[in-house]
Every structure is written in structure tokens, then in C-alpha cells.
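Here are the chains, one letter per residue:
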Amino acid sequence: MALKLYGLPMSTCTTRVLACLHEKGVDFELVPVDLFSGEHKQPPFLSKNPFGQIPVLEDGDLTLFESRAITAYVAEKFKETGTDLIKHNNPKEAALVKVWMEVESQNFNSAISPIVFEYIVGPIMGKAADQAVIDANLEKLGKVLDVYESKLSITKYLAGDFYSLADLHHFPYTHYFMTTPWASLVNDRPHVKAWWEDISSRPAFKKIVGAMTFGEGK
Ligand code: GS8
């Protein structure tokens, strides 16, 4: 039975999982969730994720939420198929993948997601962007990207000279961030820029990027 992914292609966290499924070449069914009508806060969806958020993955009788936990499951279950995203045969490399996955979730995501939310998502929901929040997080993001610049001048990808989940997890927010006026934070750092150009040109991303839109050019 094919995996079922509940989510939307515009959603950053859904896209993180979509990118992983495409890297692995795994069959799945994408089941749309109507966020605008509040379907995700109704009992049928809450029984899948009590926090009422997308994405959710169903694999037979297993139900998972949290996009990064889902990608880790997919990468492990299908370790012999497609790109090896977790370096399952090499404990040291596997540990480094975990380190940089944590960096993405704890340092990078916490800075970039408020910028994307304020500049792109909030205005769509009728909320004016708060420039003070954007400015504070641009400063935080710049410091994180300084660390990336230094790391990526030594290795081609974050965990080493191999592409992994640690890189993949950056895709959704960076994609939207690059449409903001502050894309220079990436473009002015040559190693970060080269890394972004490399990971964003992967076939798995090309399959989903066209559907990553909030409408009206954003
Ligand atoms: C966050 C999920 C999330 O924010 C994860 O899966 O990684 N840590 C979780 N989902 C958003 C869509 S953004 O892609 C969501 O469902 N928002 C609706 C809501 O919170 O009501």
C-alpha cells in the first residue's frame, strides 16, 4: 500500500517531506488538507496529529507527524532505495548528518521561518509584516550563515562531501526566502550561494518547486 502524505505543496513542512520522498523514489499519495476551512483543526485530522498541523504521513497502521521525523523514517525505511540521505553504513557520517539536521532545526529554521512568515504568509492572511521581527531575524540568520559559509568552504555539503537530509531540510524555507528582498544574505556568501544553487537544482526539488506558491507571484 502506497504511503499517504496529508499536506499541501505550498506548505514548507509538507515540501520537506515531498523532497525526501522524491529523492528516495518512493510511491506515495498526496492527500490535500483544506487549511482555509480549518479541516486540520477538526477531529478526523486531530486524530492523526493532535497539534492540528500538516504534514502527516500514514504508512499502513503507522501515523507520523513532524516533518523532520517523517523524513528520518522514510530515509531509514527505504535506505536501500534512491539517494542515501542518512549515511546508514557509516556511523561517523551518520552522526554528522544528525548534527547538521539539529543545526537546521534549532538555529537556521528559528531565524528564517519568522522572516518568511512575516513577509509572505502573514500578508496573505491579512496581517501586515512586522519589520522589527524581520530585522531581528535577519541579523540572527546572517550569523548562522556565517557559520555555514565557513563550513561550506571546507566541505561541499553541511555534513561532509555528500548530500544528506541535513541539506535537504533547508530547501523549503530557503526557496521562499530567496524571493524576498534579502536574498543577498545567501548570494553574498559565495560558498552558501554555490551550495544553494547545487541543492536547489536537484531533480527532486524541480519536481515540486512549481507548486510552491502562495499565489500572486509569491
Ligand atoms: C511544523 C508543522 C507546521 O508548522 C513540522 O511538521 O515540521 N514542526 C512541524 N505546519 C503548518 C504548515 S507550514 O508548513 C501548519 O499546519 N499550519 C497550520 C496551523 O498551525 O494551524
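Residues numbered from 1 in each chain as written. Predicted model: local features only at pLDDT ≥ 70, side-chain atom pairs only at ≥ 80, totals over all residues. Heavy atoms only, no water.

- Where an unreviewed UniProt entry is consulted, the protein appears under the name glutathione transferase, with the organism given as Castanea mollissima.
- Check the Catalytic activity (unreviewed entry) section of the UniProt entry for the protein; it says "RX + glutathione = an S-substituted glutathione + a halide anion + H(+)".
- Note on the protein: under the UniProt heading Sequence similarities (unreviewed entry), the record states "Belongs to the GST superfamily. Phi family." (UniProt positions renumbered as here; feature names shortened; annotations may be inferred.)

Let's talk about the packing of helix α1 (residues 12-24) against helix α3 (residues 67-77)
Here is step 1: Between α1 and α3, the shortest axis-to-axis distance is 9 Å and the interhelical angle comes to 10°. Of the possible angle classes, the one that applies to α1 and α3 is roughly parallel. Listed contacts from α3 to Cys 13, Arg 16, Val 17, Cys 20, Leu 21 and Lys 24 of α1 are Ser 67, Arg 68, Ile 70, Thr 71, Val 74 and Ala 75.
Here is step 2: Class assignment for the residues of the contact of α1 with α3 results in 7 nonpolar, 2 polar and 3 charged. (Axes fitted to C-alpha atoms, helices over the stretch in contact; angles between N-to-C directions. Helix = DSSP H or I, 4+ residues; strand = E, 2+ residues; numbered from the N terminus. Parallel < 35°, antiparallel > 145°, perpendicular 65-115°, else oblique. Contact = heavy atoms within 4.5 Å. Nonpolar A, V, L, I, M, F, W, Y, C, P; charged D, E, K, R; others polar.)

Thoughts on the pairing of strand β4 (residues 62-65)
Here is step 1: Bridge count for strand β3 (residues 56-59) against β4 is 4 bridges, and the pairing is antiparallel. Within the sheet, the bridge partner assigned to Glu 58 lies in β4 and is Thr 63.
Here is step 2: If you look at the hairpin formed by β3 and β4, you'll find 2 residues sitting between the two strands, and Gly 60 has a positive phi there, around 60°. (Pairing = 2+ DSSP bridges.)

Quick look at the UniProt feature "domain: GST N-terminal" (unreviewed entry) in the protein
Here is step 1: Under the feature "domain: GST N-terminal" (unreviewed entry), the UniProt entry names residues 1-82.
Here is step 2: Split by type, residues 1-82 is 34% helix and 20% strand. Its first and last C-alpha atoms lie 19 Å apart.

Thoughts on the site of the ligand
Here is step 1: In the vicinity of the ligand, the contacting residues are Ser 11, Thr 12, Cys 13, His 40, Lys 41, Gln 53, Ile 54, Pro 55, Glu 66, Ser 67 and Arg 68.
Here is step 2: One of the side-chain nitrogen or oxygen atoms of Thr 12 is found 3.2 Å away from an oxygen atom of the ligand.
Here is step 3: With respect to the ligand, the side chain of His 40 contributes an N or O atom lying 3.1 Å from an oxygen atom.
Here is step 4: Notes on the ligand: free accessible area 530 Å², of which the protein chains cover 73%.
Here is step 5: Counting residues per element, the ones that place at least two in the shell around the ligand are α1 and α3.
Here is step 6: Classifying every residue of the shell around the ligand by side-chain character gives 3 nonpolar, 5 polar and 3 charged. (Near = heavy atom within 4 Å. Polar contact = N/O pair within 3.5 Å; in protein donor to acceptor, adjacent residues only side chain to side chain. Areas by Shrake-Rupley, 256 points an atom, 1.4 Å probe, with all protein chains shown as cover.)

Here's the deal with the environment of Asn 187
Here is step 1: Among the structural elements, Asn 187 can be located in helix α8 (residues 184-187).
Here is step 2: For the pair formed by Asn 187 and Glu 197, sequence separation is 10 residues and the distance between their alpha carbons is 9.7 Å.
Here is step 3: Sequence-distant contacts of Asn 187, that is, excluding residues within four places in its chain, are made with Met 178 and Lys 193.

Brief notes about a nonpolar patch on the surface
Here is step 1: Among the surface-exposed residues, Phe 117, Ile 124 and Met 125 lie close enough to one another that they form a single nonpolar patch of about 290 Å² accessible area.
Here is step 2: Its location among the elements puts Phe 117 in helix α4 (residues 91-124).
Here is step 3: Assessed through its relative accessible area of 33%, Phe 117 is described here as partly exposed. (Patch = residues over 30% accessible without salt bridge, like charges linked within 9 Å, V, L, I, M, F, W, Y side chains within 5 Å. Salt bridge = Lys/Arg side-chain N within 4 Å of Asp/Glu carboxyl O. Buried < 20%, exposed > 50% of the residue type's maximum accessible area, 1.4 Å probe, protein only.)

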